Amino acid sequence: MEEEKVILVNEQDEQIGLMPKMEAHEKALLHRAFSVFVFNNDNELMLQQRALTKYHSPGLWTNTCCSHQREGETNIEAGKRRLQEEMGFVVDLKETIAFIYKAPFDNGLTEYEYDHVLLGTYNGKPNINTEEVADWKWMPLEDVKVDISLHPEHYTAWFKVIFEKFYEHININS
Ligand SMILES: C=C(C)CCOP(=O)(O)OP(=O)(O)O
Ligand SMILES: [Mg+2]
Ligand SMILES: [Mn+2]
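Residues numbered from 1 in each chain as written. Chains lettered and ligands numbered in written order. Predicted model: local features only at pLDDT ≥ 70, side-chain atom pairs only at ≥ 80, totals over all residues. Heavy atoms only, no water.

An unreviewed UniProt entry lists the chain under the name Isopentenyl-diphosphate delta-isomerase, with Hyunsoonleella jejuensis as the source organism. The Pathway (unreviewed entry) field of the UniProt record for the chain holds the comment "Isoprenoid biosynthesis; dimethylallyl diphosphate biosynthesis; dimethylallyl diphosphate from isopentenyl diphosphate: step 1/1." One UniProt comment on the chain, placed under Sequence similarities (unreviewed entry), says "Belongs to the IPP isomerase type 1 family." (UniProt positions renumbered as here; feature names shortened; annotations may be inferred.)

See below:
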């Protein structure tokens, strides 16, 4: 299989190159990514616990699905593709904010991403891909906020940035 590549971008999210996924995270280069947030009609967020085998942030709780766009893919196309691959369902998604963050990890890898946040609604159960996902749960947004402050070590770096800086953009009832 061809090696997975991420899209290197500048600070305006313009493509400046392609690089194998691992190399981009080893060299800490800015690349395009997305974070999907799926809610049910009770305004609960579907959280994903990352598989213990993930290259970074294993076992941590985070938003519904995260990954990297492929060359030529729109943000929405990429979000839907990966939602199916990781969580086993697809819903319509809409774009909200995008932001740049940098998060070095203890294992030497760094996430340095132009991250597009995508929102969707779903009321069924996922069918998780256990190569990517260890567990999942619904949680009211307010409860997530409280638990992040009590147990920040249980959550991914980007998920905490989104809660701290962009809460009003993911809380559709605010
Ligand atoms: C988008 C963000 C915030 C991180 C990348 O997600 P993953 O680390 O889950 O990427 P994949 O392995 O699923 O491609
Ligand atoms: Mg992922
Ligand atoms: Mn990345």
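Core analysis: the biggest nonpolar cluster contains 28 residues, and Phe 37, Leu 47, Phe 99, Val 117, Phe 159, Phe 163 and Ile 170 have the highest contact counts within it. Mapped onto this core, the elements with two or more residues apiece are β3 (31–39), β4 (44–50), β7 (94–104), β8 (110–121), α3 (141–150), α4 (157–165) and α5 (167–170). Residues contacting Leu 47, with those up to four places away along its chain left out, are Trp 61, Thr 62, Asp 135, Trp 136, Lys 137, Met 139, Val 144, Tyr 155 and Phe 159. Core analysis: the second largest hydrophobic core is formed by 14 residues, Met 46, Met 87, Val 91 and Tyr 122 among them. (Core = buried A, V, L, I, M, F, W, Y, C linked by side-chain atoms within 4.5 Å. Buried < 20%, exposed > 50% of the residue type's maximum accessible area, 1.4 Å probe, protein only. Helix = DSSP H or I, 4+ residues; strand = E, 2+ residues; numbered from the N terminus. Contact = heavy atoms within 4.5 Å.)

With that settled, consider helix α2 (residues 75–87). Taking 1.5 Å as the rise per residue, α2 with 13 residues should run 18 Å; its terminal C-alpha atoms sit 17 Å apart, in good agreement. Considered for burial, the residues of α2 that qualify are Asn 75, Ala 78, Gly 79, Arg 81, Arg 82, Leu 83, Glu 86 and Met 87. Close packing links the buried residues of α2 with β3, β4, β6 (65–67), β7, β8 and β9 (133–140). With its phi angle positive at about 75°, Gly 88 sits one or two positions after the end of α2. (Expected span 1.5 Å × (residues − 1).)

Attention shifts here to the coordination of the manganese ion (ligand 3). In the first shell of the manganese ion (ligand 3), the protein supplies His 25 (NE2), His 31 (NE2), His 68 (NE2), Glu 111 (OE), Glu 111 (OE) and Glu 113 (OE), at 2.1 to 2.6 Å from the metal. If you look at the manganese ion (ligand 3), its six donor atoms make angles of 53 to 165° with each other, and the shape they trace is irregular. Mapped onto the sequence, the donors of the manganese ion (ligand 3) take the spacing H-x5-H-x36-H-x42-E-x1-E. Taken together, the positions of His 25 in helix α1 (residues 21–26) and His 68 in the loop between β6 and α2 put the pair 43 residues apart, joining distant regions of the chain. The pair His 25 / His 68 is uniform in exposure class, with both members buried. (Donors = N, O, S within 2.8 Å, 3.2 Å for Na, K, Ca; no water. Tetrahedral: all angles 85-135°; square planar, octahedral: opposite > 155°, others 65-115°.)

On the protein side, the magnesium ion (ligand 2) has Cys 66 (O) and Glu 86 (OE) as donor atoms, found 2.1 to 2.2 Å from it. With Cys 66 in strand β6 and Glu 86 in helix α2, this pair connects stretches of sequence that are 20 residues apart. As far as the burial class goes, Cys 66 and Glu 86 line up, both buried.

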